[in-house]
Amino acid sequence: MLDYHAALATLLDGLPTAKGCESLALAQAAGRRLARDVVACFDAPQFDNSAMDGYAICDATGKATRFHVVSRIAAGDGAQAALKDGEAARIFTGAPLPAGTTAVVAQEDTTRDADTLLLNQPARAGQHMRLQGEEYAAGATLLTAGTLLDPAAIALLASQGHAVLPVLPRLKVAVFSSGNELIEPGEELTAGKIFDANRYQLLAWLARFDVEIIDGGILPDDAAITRAALARASEQCDVILSSGGVSVGEEDHVRAALETIGSITAWKLAIKPGKPFAWGHAGAAHVFMLPGNPVATFVTFHQLVAPALRRLSGDDQPMPVTIKVRAGFSKSRIEPRREFQRARLRQEGDGYIADLVKGQGSAMLSACAAADVLVEIPPSSAVVMGDTLLAYPLKKGWV
Ligand SMILES: Nc1nc2c(c(=O)[nH]1)N[C@H]1C(S)=C(S)[C@@H](COP(=O)(O)OP(=O)(O)OC[C@H]3O[C@@H](n4cnc5c(N)ncnc54)[C@H](O)[C@@H]3O)O[C@H]1N2
Ligand code: MOO
């Protein structure tokens, strides 16, 4: 059986870097990734300006407290006449500093009497002045290819006047379930049937990614139909996800279909849940086949497929986020596979305690819904209350 960390490294190593480029208006680009490095067109700040509402002063000695107010400059105004020694300009935050300014004084540190300005104390040279290029110069690399266009990145690019951005194309991802036992939620439940939970789970996971989603529906246990559906999806999509039909059963048609139309690597992973996992290619599409037990789908999506999607999307740090927690439980039964158990977090001091959620079976979705994290229990290890363990946050906002 293959170790999880080795398997994840192998999976990621085999994936190509993201390619292609499309131009998108700034307002549409949030959540996408840059296709190319973007450089600064202008110095930042673009011009010397005031950091305070108050007065720009020209004080050659650095000791003066009395000035003659000669002008008024608001944000948006153009260049003004230079200040001479002993002169001041009424100025507002963001307004261009007149040449000759030696400092800006906040208005609350002054007294004004007609055109005379009195400072409570002499100003420190350079205070409250934002100087052209002090943050970075025109031509500097602002953001590199692959950067996620999050609010900070969008603000930075907008501040440089970039109206159109070069972004990586979105991945197209198709999702299938497989199994004659599956019916759609909303349909009438009859003997032996169950509702398709995995496809909706995967669609919901994908909603957290900036990808185009194609819902392939439920595939019956039929070799020809499964082959045709995968072949069609491989022509339309970059990635195909399926759940079920990966282990050793005779009705495991998805696996057989991929063997026929593409290539497949079937793994037995030393993880619980999620032991049978397969991946491969159909045409140019990357295929990930998740085990059918719903919690095995949950764990393998989060621990393997999500990093792979991040890598394919252009993320150069695709590994799952981990935090250190202390065990709020003990476990004496030794499991040879690495376990990813569902747990809730509780804050204690400056750290977190992880308490296991009731119902750790690989078909028990209620524990996934209650969990804040997957807590990792290394292979063949007991856990003693208070042990430090790694945990993988599940909730949106943590990842
Ligand atoms: N003889 C063996 N049997 C099994 C092994 C094994 O090593 N030898 N592995 C077990 C493990 S571990 C897992 S996990 C499952 C994985 O099986 P498959 O990927 O082939 O999945 P299925 O057999 O199709 O289904 C398993 C289970 O999950 C339910 N399921 C499937 N799809 C859905 C869905 N979309 N929504 C809700 N539930 C679903 C299905 O009804 C089964 O109960 O194999 C074990 N067996
Ligand atoms: O992958 Mo299975 O869920 O270990 O039962």
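The name given to the protein in an unreviewed UniProt entry is Molybdopterin molybdenumtransferase, with Craterilacuibacter sinensis as the source organism. The Sequence similarities (unreviewed entry) comment attached to the protein in UniProt states, word for word, "Belongs to the MoeA family." Regarding the protein, the relevant UniProt record gives this comment under Catalytic activity (unreviewed entry): "adenylyl-molybdopterin + molybdate = Mo-molybdopterin + AMP + H(+)".

## Description of the nonpolar core
Grouped together as the largest cluster of nonpolar side chains are 73 residues, with contacts concentrated most on Val239, Ile240, Leu241, Val305, Ala354 and Val375. Considering every element that reaches this core, the biggest residue donor is helix H6 (residues 294–312), with 11 residues. Discounting chain neighbours no more than four positions away, the residues touching valine 305 are Leu241, Phe288, Leu290 and Thr300. In this structure, Tyr55, Leu83, Val104 and Leu117 belong to the second largest nonpolar core, which totals 19 residues.

## Describing the site of ligand 2
Taken together, Lys272, Pro273, Gly274, Lys275, Pro291, Asn293, Ala296 and Ser362 make up all the residues around ligand 2. The class makeup of the residues in the shell around ligand 2 is 3 nonpolar, 3 polar and 2 charged.

## What to know about helix H4 (residues 223–236)
Helix length check: H4 (14 residues) gives 20 Å between terminal C-alpha atoms against 20 Å at 1.5 Å per residue, within 8%. Considered for burial, the residues of H4 that qualify are Thr226, Arg227, Ala229, Leu230, Ala233 and Ser234. Buried residues of H4 fall within an arc of 165° about the axis and therefore sit on the same side. The exposed set on the far side of H4, more than 90 degrees from its buried face, consists of Ala224 and Glu235. Where H4 is buried, its residues meet strand E13 (172–178), strand E16 (212–219), strand E17 (239–243), helix H5 (253–261), strand E20 (276–282) and strand E21 (285–290).

## Some points on the sheet that holds strand E6 (residues 87–91)
Taking strand neighbours across the sheet as the criterion, the 6 strands line up as E7-E4-E6-E5-E9-E8 in an open arrangement whose pairing is mixed. Edge positions in the open sheet fall to strand E7 (103–106) and strand E8 (110–113), since each of these has one partner strand only. On average, each strand axis in the sheet is tilted by 35° relative to the strand beside it, whichever way the strands run. Relative to strand E9 (residues 116–119), strand E5 (residues 66–73) runs antiparallel, the two being bridged by 3 bridges. Its bridge partner lying in E9, arginine 66 is registered against leucine 118.

## Quick look at the pairing of strand E4 (residues 54–57)
Where E4 lies against E6, 4 bridges are found, and the strand directions are antiparallel. Within E6, the position partnered with glycine 54 by the bridge is isoleucine 91. Of the strand pairs in this sheet, E4 and E7 are connected by 4 bridges, and their pairing is antiparallel. Looking across to E7, one finds that tyrosine 55 is bridged to valine 105.

## A look at the pairing of strand E26 (residues 388–393)
Across a regular strand the side chains alternate sides, sitting on one face of the sheet and then on the other. Alternating positions in E26 separate cleanly, Leu389, Ala391 and Pro393 being buried on one face and Thr388, Leu390 and Tyr392 remaining unburied on the opposite face. Of the pairings in the sheet, the one linking strand E22 (residues 323–327) to E26 comprises 4 bridges and is antiparallel in character. Along E26, the bridge assignment pairs lysine 324 with leucine 390. Examined bridge by bridge, strand E25 (residues 373–377) and E26 share 4 bridges and lie antiparallel to one another. Residue pairing across strands places glutamate 376 opposite leucine 390, the latter belonging to E26.

## Remarks on the sheet that holds E21
The 6 strands are arranged E16-E13-E17-E21-E20-E18 in an open sheet whose pairing can be described as mixed. Taken across any chain shown, the strands that pair with only one partner, and hence form the sheet edges, are E16 and strand E18 (263–268). Taken over all neighbouring pairs, the strand axes of this sheet differ in orientation by 15° on average, direction set aside. Two elements, E13 and E17, share 5 bridges in a ladder whose sense is parallel.

Conventions adopted
Residues numbered from 1 in each chain as written. Chains lettered and ligands numbered in written order. Predicted model: local features only at pLDDT ≥ 70, side-chain atom pairs only at ≥ 80, totals over all residues. UniProt positions renumbered as here; feature names shortened; annotations may be inferred. Core = buried A, V, L, I, M, F, W, Y, C linked by C-beta atoms within 7 Å. Buried ≥ 20, exposed ≤ 12 C-beta atoms within 10 Å, placed from the backbone. Helix = DSSP H or I, 4+ residues; strand = E, 2+ residues; numbered from the N terminus. Contact = placed C-beta atoms within 7 Å. Near = placed C-beta within 6 Å. Nonpolar A, V, L, I, M, F, W, Y, C, P; charged D, E, K, R; others polar. Expected span 1.5 Å × (residues − 1). Arc of directions from axis to C-beta. Pairing = 2+ DSSP bridges. Axes fitted to C-alpha atoms, helices over the stretch in contact; angles between N-to-C directions.

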